[in-house]
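# Analysis of the macromolecular model
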Amino acid sequence: MKKAGIYIHIPFCTVKCIYCDFYSITEREDSIQRFINAITREIEMCNSDVSEWTFDTIFIGGGTPSLLNGGKIEKIISALYKKFDLSNLVEFTIEVNPGEAPTEHLKLYKDYGINRLSIGVQSLQPRLLKFLTRIHDRKEVFQTFNNARDIGYDNINIDLIHSIPGQTLKLWKSDLEEIIRLNPEHISAYSLTVEKGTELFGMVKKKIVLMPKEEINAKFFENTIDRLTSNSYSLYEISNFSKPGLQCKHNMHYWNIEPYLGFGPSAHSFDSNYRWNNTKNLDSYLQGIESNRPIKSNVELLSKTNIINETIGFGLRMSSGIALNKLPKEYRKRFENRLLSANQKFKNCLKKKNQRVSLSNKGFLFADEIIVDLLF
Ligand SMILES: C[S@@+](CC[C@H](N)C(=O)[O-])C[C@H]1O[C@@H](n2cnc3c(N)ncnc32)[C@H](O)[C@@H]1O
Ligand code: SF4
């Protein structure tokens, strides 16, 4: 049996943040009930062969899932329980935005079996939150977190962003210290990326906004590792830190190239052979489901080389790296040759121990360049 995950995409948001490339839309509250009907139908109609899989994680992401009340989330969860064997579920996450996760919602989510929250804090600095066009303030961060603890959530992630224009190392360190004091089980610390099609992309292109240079980004990364690892968090993936044993099991499915099914507009799926995603448009998603038309797009059969490249690409982003015996024999020798040249080019960036290859902390800084050199 292969371990597998389920992803549910809720596309609704109150505002569209300037940097966000995820499929999320505003002013569509009137379509929420229709969306719930459509996604439950999509789950019922799923015809992927899951007979060899054991689902152990569910992740409800977005968008802003915490805008949905308990009843709506329950409808989706019931559809999942009716369709799949979820008796081996160990991790069930929902993303919540500070200030947009009422107590009644959080209580009911817990009653329905959700045991992990991921809170999109991003920053604790009023000026930076404003720049990012976030609508919450720092007070709401602490309220949402403490509220979640009072309700009994004992597995909480906090998402943070660094390398924001105008952010100094001092401000970042102060955010990290305050978050460490809250003692969440998991912290995701992302570097702000400028994604094509976002408002931020336009601002950078027109030079209205200047992004921090690579050396500055490296300083933020080094500081993050230093502060978090000296406070009992370990870096297990390039942007992810956790307390012992509390890594995000759902994301590990993606990084270990294990199967997952995605439901909702834009959701991605992988069944060990094919990758695909659902249409990235709420109206075509709703119309497609309601009239039994396909909503899948970009269906891609992965070749052996694609799978090996993904094993290398995702594997090297994790601290545990890649087990060389995972690579088929005919690729292994060539891969080891490439490692030799990469070692010359990127000094002190790659480590090899017990037949596993991984990136050092310095290597993580150059991960993209190193990985490109190693792919087939
Ligand atoms: C798509 S959001 C959804 C969660 C929730 N709506 C929120 O905004 O907090 C998931 C996470 O991705 C990260 N993220 C999204 N866009 C990003 C970007 N351009 N650069 C860095 N991190 C980003 C943020 O940390 C965010 O919490
Ligand atoms: S970052 Fe989160 S809240 Fe902002 S638009 Fe994207 S999904 Fe919505």
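Right, let's walk through the structure included here. In this text, all values refer to a predicted model and were calculated from it rather than measured experimentally.

### A closer look at the pairing of strand E15 (residues 356-359)
Here is the key point about a regular strand: its side chains alternate between the two faces of the sheet. Across the two faces of E15 the burial differs, with Val357 and Leu359 buried and Arg356 and Ser358 not buried at all. The sheet contact formed by strand E13 (residues 322-323) and E15 spans two bridges and is antiparallel. Its bridge partner lying in E15, Ala323 is registered against Arg356. Note: strand E14 (residues 350-353) against E15, four bridges, orientation antiparallel. Along E15, the bridge assignment pairs Lys353 with Arg356. Where E14 folds back onto E15 in an antiparallel hairpin, the turn is made up of two residues, including Asn354, whose phi is positive at roughly 45 degrees.

### Here we look at the site of ligand 1
Around ligand 1 lies a shell of 17 residues, among which Tyr19, Phe22, Gly120, Asp159 and Tyr190 are the nearest. Only strand E4 (116-122) and strand E5 (156-162) provide two or more residues apiece to the shell around ligand 1. Partitioned by chemical class, the residues of the shell around ligand 1 number six nonpolar, seven polar and four charged.

### Notes on the sheet that holds E15
Strand order in the open sheet made by the three strands is E13-E15-E14, with antiparallel pairing throughout. Every other strand in the sheet has two partners, leaving E13 and E14 as the edge strands with one partner each.

### Comments concerning the environment of Trp53
The residue Trp53 is located in strand E2 (residues 53-62) in this model. Distance in space between the C-alpha atoms of Trp53 and Ile225 is 35 Å, their sequence separation being 172 residues. Among all residues touching Trp53, those that are not within four sequence positions of it are Met1, Lys2, Ala4 and Pro259.

### Quick look at helix H5 (residues 138-151)
Across its 14 residues, H5 extends 20 Å between first and last C-alpha, which sits within 8% of the 20 Å expected from 1.5 Å per residue. All buried positions along H5 are accounted for by Val141, Thr144, Phe145 and Ala148. Angularly, the buried residues of H5 cover 95 degrees about the axis, an arc narrow enough to put them on a single face. Turned more than 90 degrees away from the buried face of H5, the exposed residues are Lys139, Asn146 and Asp150.

### Overview of the site of ligand 2
Surrounding ligand 2, one finds Cys13, Lys16, Cys17, Cys20, Phe22, Ser24, Gly62, Gly63, Thr64, Asn97 and Gly120. Of the residues that constitute the shell around ligand 2, the class distribution is four nonpolar, six polar and one charged.

### A closer look at the environment of Phe59
Inspection of the secondary structure assignment puts Phe59 in strand E2. Phe59 sits in the buried class, given 25 other C-beta atoms within 10 Å. It is 11 Å that separates the C-alpha atoms of Phe59 and Leu89, two residues lying 30 residues apart in sequence. Look past the residues within four positions of Phe59 in its chain and what remains in contact with it is Gly5, Tyr7, Thr93 and His250.

### Some words on helix H10 (residues 282-290)
When we look at burial in H10, the residues that qualify are Leu282, Tyr285 and Ile289. End-on view of H10: buried residues confined to an arc of 65 degrees, all on one side of the axis. For H10, exposure combined with an orientation more than 90 degrees from the buried face picks out Asp283 and Glu290. Summarising the contacts, the buried residues of H10 are in contact with helix H1 (32-45) and strand E11 (274-278).

Here is what the cut-offs are and how they apply
Residues numbered from 1 in each chain as written. Chains lettered and ligands numbered in written order. Predicted model: local features only at pLDDT ≥ 70, side-chain atom pairs only at ≥ 80, totals over all residues. Buried ≥ 20, exposed ≤ 12 C-beta atoms within 10 Å, placed from the backbone. Helix = DSSP H or I, 4+ residues; strand = E, 2+ residues; numbered from the N terminus. Pairing = 2+ DSSP bridges. Near = placed C-beta within 6 Å. Nonpolar A, V, L, I, M, F, W, Y, C, P; charged D, E, K, R; others polar. Contact = placed C-beta atoms within 7 Å. Expected span 1.5 Å × (residues − 1). Arc of directions from axis to C-beta.

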